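Residue-level structure breakdown
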Amino acid sequence: MKTTVDPDLCISCAICTNMVPDVFFMNDDGLAEANPGDVPANLEDQVREAAEECPADAILIE
Ligand code: F3S
């Protein structure tokens, strides 16, 4: 699984960075970003939850 954040949609609410800090972080623009590469298998469910919780639907999952 890979995940990315659409910078045009993110409103910096920080739910994702609080829920899954090992995957999501705030970049210098104050927007969430996901670490590149595959999401660790043990964090996949949390990433799916963060995507559901994101009020801007900015988290994409492939
Ligand atoms: Fe942005 Fe959504 Fe995370 S608004 S900070 S991608 S929960």
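Structural notes, computed from the coordinates. (Residues numbered from 1 in each chain as written. Predicted model: local features only at pLDDT ≥ 70, side-chain atom pairs only at ≥ 80, totals over all residues. Heavy atoms only, no water.)

**A few points about the site of the ligand**
Rules: Each residue is tested against the molecule or strand, and it is near if at least one of its non-hydrogen atoms lies within 4 Å. Note on definitions: the grid is 1 Å and covers protein atoms alone; a cavity is a set of points where a 1.4 Å probe fits but cannot get out; a pocket is an open set with protein on both sides within 12 Å along at least five of seven lines; lining residues have an atom within 4 Å of a point. By definition, a pocket or cavity contains a molecule when more than half of the molecule's atoms lie within 2 Å of the pocket's grid points. Gly falls in the polar group here, along with every residue not listed as nonpolar (Ala, Val, Leu, Ile, Met, Phe, Trp, Tyr, Cys, Pro) or charged (Asp, Glu, Lys, Arg).
The ligand sits among 13 residues. The nearest are Cys10, Ile11, Ala14, Cys16 and Cys54. With respect to the pocket detection grid, the ligand is positioned in the largest cavity. Residues of the shell around the ligand, tallied by class, amount to 12 nonpolar, one polar and no charged.

**Overview of unusual backbone geometry**
For clarity, the cut-off: Runs of E in the DSSP output that reach at least two residues are strands. Runs of H or I that reach at least four are helices, and both are numbered from the N terminus. The classification of residues rests on relative accessible area computed with a 1.4 Å probe and restricted to protein chains. Under 20% of the type maximum is buried, over 50% is exposed, and intermediate values are partly exposed.
Phi angles above zero are rare outside glycine, and Ser12 is one such case at about 60°. Looking at where Ser12 falls in the secondary structure, it is placed in the loop between strand 1 (3-5) and helix 1 (15-19). Look at Ser12 and you get partly exposed, because its relative accessible area is 35%. Although it is not a glycine, Ala14 sits at a positive phi angle of roughly 75°. Within the element layout of this structure, Ala14 appears in the loop between strand 1 and helix 1.

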